[in-house]
Amino acid sequence: AKGRLDYVCLHPRHARDESKIPARWEHIRKAKEVAGHRLAIIGNGDVFSRRDAARMIRETGCDAVMVARGATKTVGAIFDPSW
């Protein structure tokens, strides 16, 4: 759809912080509060397991989770149901 935004992926950490500080999931929660049902919010940051992903969704209300660094540290495990 031209001119329409369907989702935003939010990684709430400044680039200069690298991975030295935890991702600030409260920013994901705030973005979802503002967006409501009009816009899907995809959370990202410090997700290394399905349990982390479930916790992010529960704590922030985000619609989905993107796994980045966590996937590279657990290569292939993301496809394992026990991950």
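Residues numbered from 1 in each chain as written. Predicted model: local features only at pLDDT ≥ 70, side-chain atom pairs only at ≥ 80, totals over all residues. Heavy atoms only, no water.

Draft legend 1. Structural context of the overall build of the protein. Across its full length, the protein carries three helices and three strands. Each helix (α) and strand (β) of the protein, taken in turn from the N terminus, gives the series β-α-β-α-β-α. Across the 83 residues in the protein, those meeting the buried criterion constitute 27%. The contacts in the protein between residues at least 6 apart in sequence include a share of 46% that link residues at least 24 apart. By element, 56% of the accessible surface of the protein is carried by carbon and sulfur atoms, the whole surface being about 5800 Å². (Helix = DSSP H or I, 4+ residues; strand = E, 2+ residues; numbered from the N terminus. Buried < 20%, exposed > 50% of the residue type's maximum accessible area, 1.4 Å probe, protein only. Contact = heavy atoms within 4.5 Å. Areas by Shrake-Rupley, 256 points an atom, 1.4 Å probe, with all protein chains shown as cover.)

Draft legend 2. Main features of the side chain of Arg-13. In this fold, Arg-13 is placed in the loop between strand 1 (7-10) and helix 1 (25-35). Taking the relative accessible area as the measure of exposure, Arg-13 reaches 12% and is therefore buried. Side-chain polar atoms of Arg-13 contact the side chain of Asp-46, separated by 3.4 Å. Other than its neighbours up to four places away in sequence, Arg-13 contacts Glu-18, Ser-19, Ile-21, Pro-22, Ala-23, Gly-45, Asp-46 and Arg-69. (Polar contact = N/O pair within 3.5 Å; in protein donor to acceptor, adjacent residues only side chain to side chain.)

Draft legend 3. Representation of unusual backbone geometry within the structure. Its identity as a non-glycine residue notwithstanding, Asp-46 has a phi of 60°, on the positive side. Along the chain, Asp-46 turns up in the loop between strand 2 (40-44) and helix 2 (50-60).

Draft legend 4. Main features of the pairing of strand 1. Here strand 1 runs beside strand 2; their pairing, made up of four bridges, is parallel. Among the inter-strand pairings, Leu-10 is bridged to a residue of strand 2, identified as Gly-43. Once the chain exits strand 1 it traverses helix 1 before rejoining the sheet at strand 2, and the crossover so formed is right-handed. (Pairing = 2+ DSSP bridges. Right-handed = clockwise from strand over helix to strand, strands pointing away.)

Draft legend 5. Layout of helix 2. Of the positions making up helix 2, those classed as buried are Asp-52, Ala-53, Met-56 and Thr-60. Projection of helix 2 onto a plane perpendicular to its axis shows the buried side chains occupying an angular sector of 100°, all on one side. For helix 2, exposure combined with an orientation more than 90 degrees from the buried face picks out Arg-51 and Arg-58. Buried-residue contacts for helix 2 involve helix 1, strand 2 and strand 3 (64-66). Looking one or two residues beyond helix 2, the residue adopting positive phi is Gly-61, at roughly 80°. (Arc of directions from axis to C-beta.)

Draft legend 6. Layout of the pattern of salt bridges. Applying the stated rule across the entire model yields six salt bridges. Put simply, Glu-33 and Arg-29 hold a salt bridge, and the shortest N to O gap is 4.0 Å. With Glu-33 and Arg-29 both in helix 1 and four residues apart, the pair spans about one turn of that helix. With relative accessibility at 36%, the residue Arg-29 sits in the partly exposed group. For Lys-32, the salt bridge identified is with Asp-63, shortest N-O distance 2.6 Å. (Salt bridge = Lys/Arg side-chain N within 4 Å of Asp/Glu carboxyl O.)

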